Amino acid sequence: QLQLVESGGGLVQPGGSLRLSCAASRLTVGYYTIGWFRQAPGKEREGVACITYPGSRTNYVDSVKGRFAVSEDYNKRTVYLQMNSLKPEDTAVYYCARGSTPNSGLCTVDATTGWYQIWGQGTQVTVSS
């Protein structure tokens, strides 16, 4: 079965940067979208960014536009989330997830769609002085 593993989280000061990675355990047939989501304690899960994989389309939630960038390395089976100018409100567990259907062309950061069905375990990002 396919597994997704997030890494790269940690503690940074406001204004700092982190680069998260989402690695797939194996190659898959077809093209799948990878989404990034985050969830703070006691809060609902929020969509952050997405990318078609291999990348041809990206999308971002308004609160991270201009600060975050999603990219991919298909040969390494890895999707990245570069996070710059981090703010305390970015503190959360960050998850990556795969869309449920291949070759869809969809790239959504709507966490309520139920379309993302394979999820990693998450990596903690803490932004604090």
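Scoring rules and cut-offs
Residues numbered from 1 in each chain as written. Predicted model: local features only at pLDDT ≥ 70, side-chain atom pairs only at ≥ 80, totals over all residues. Heavy atoms only, no water. Disulfide = S-S within 2.5 Å. Helix = DSSP H or I, 4+ residues; strand = E, 2+ residues; numbered from the N terminus. Buried < 20%, exposed > 50% of the residue type's maximum accessible area, 1.4 Å probe, protein only. Salt bridge = Lys/Arg side-chain N within 4 Å of Asp/Glu carboxyl O. Polar contact = N/O pair within 3.5 Å; in protein donor to acceptor, adjacent residues only side chain to side chain. Contact = heavy atoms within 4.5 Å.

*Asks:* How should I be thinking about the state of the cysteines in this particular structure?
*Replies:* Taken as a whole, this structure holds 2 disulfides when the rule is applied. The disulfide partner of Cys-22 is Cys-96, and the S-S distance across this bridge is 2.1 Å. Linking Cys-22 and Cys-96, the disulfide has an S-S dihedral of approximately 75° and is accordingly described as right-handed. Within this pair, whereas Cys-22 is found in strand 3 (residues 18-24), its partner Cys-96 is found in strand 9 (residues 92-99), the two being separated by 74 residues in sequence. The two residues Cys-22 and Cys-96 agree in class, both being buried.

*Asks:* Quick question: what am I supposed to make of the pattern of salt bridges here?
*Replies:* A pair can form between side chains of opposite charge whenever their charged atoms are brought close. Using the criterion set out here, one finds 4 salt bridges in the structure. Note that Glu-46 is salt-bridged to Arg-38, the shortest N-O span being 2.9 Å. With relative accessibility at 30%, the residue Glu-46 sits in the partly exposed group. Given a relative accessible area of 6%, Arg-38 falls into the buried group.

*Asks:* Please explain the side chain of Thr-78 as it appears in this structure.
*Replies:* Among the structural elements, Thr-78 can be located in strand 8 (residues 78-83). Looking at Thr-78, its side chain comes within polar contact range of the main-chain oxygen of Lys-76, at 2.8 Å. With residues near it in sequence (within four places) discarded, Thr-78 still touches Ser-21, Cys-22, Ala-23, Tyr-53, Glu-72 and Asp-73.

*Asks:* Looking at this model, I keep getting lost on the environment of Asn-84. Mind explaining?
*Replies:* Among the secondary structure elements, Asn-84 is positioned in the loop between strand 8 and strand 9. Look at Asn-84 and you get partly exposed, because its relative accessible area is 30%. Taking the C-alpha atoms as reference, Asn-84 lies 8.5 Å from Arg-19; in sequence the two are 65 residues apart. For Asn-84, the contacting residues outside a window of four places in its chain are Gly-16, Ser-17, Arg-67 and Phe-68.

*Asks:* Help me understand the side chain of Asp-90 in this model?
*Replies:* As for its position among the elements, Asp-90 is in the loop between strand 8 and strand 9. The buried category is assigned to Asp-90, whose relative accessible area is 0%. Within polar-contact distance, the side chain of Asp-90 engages the backbone nitrogen of Lys-87 at 2.8 Å. What Asp-90 contacts, discounting residues up to four positions off in sequence, is Arg-38, Arg-67, Phe-68, Ser-85, Val-125 and Val-127.

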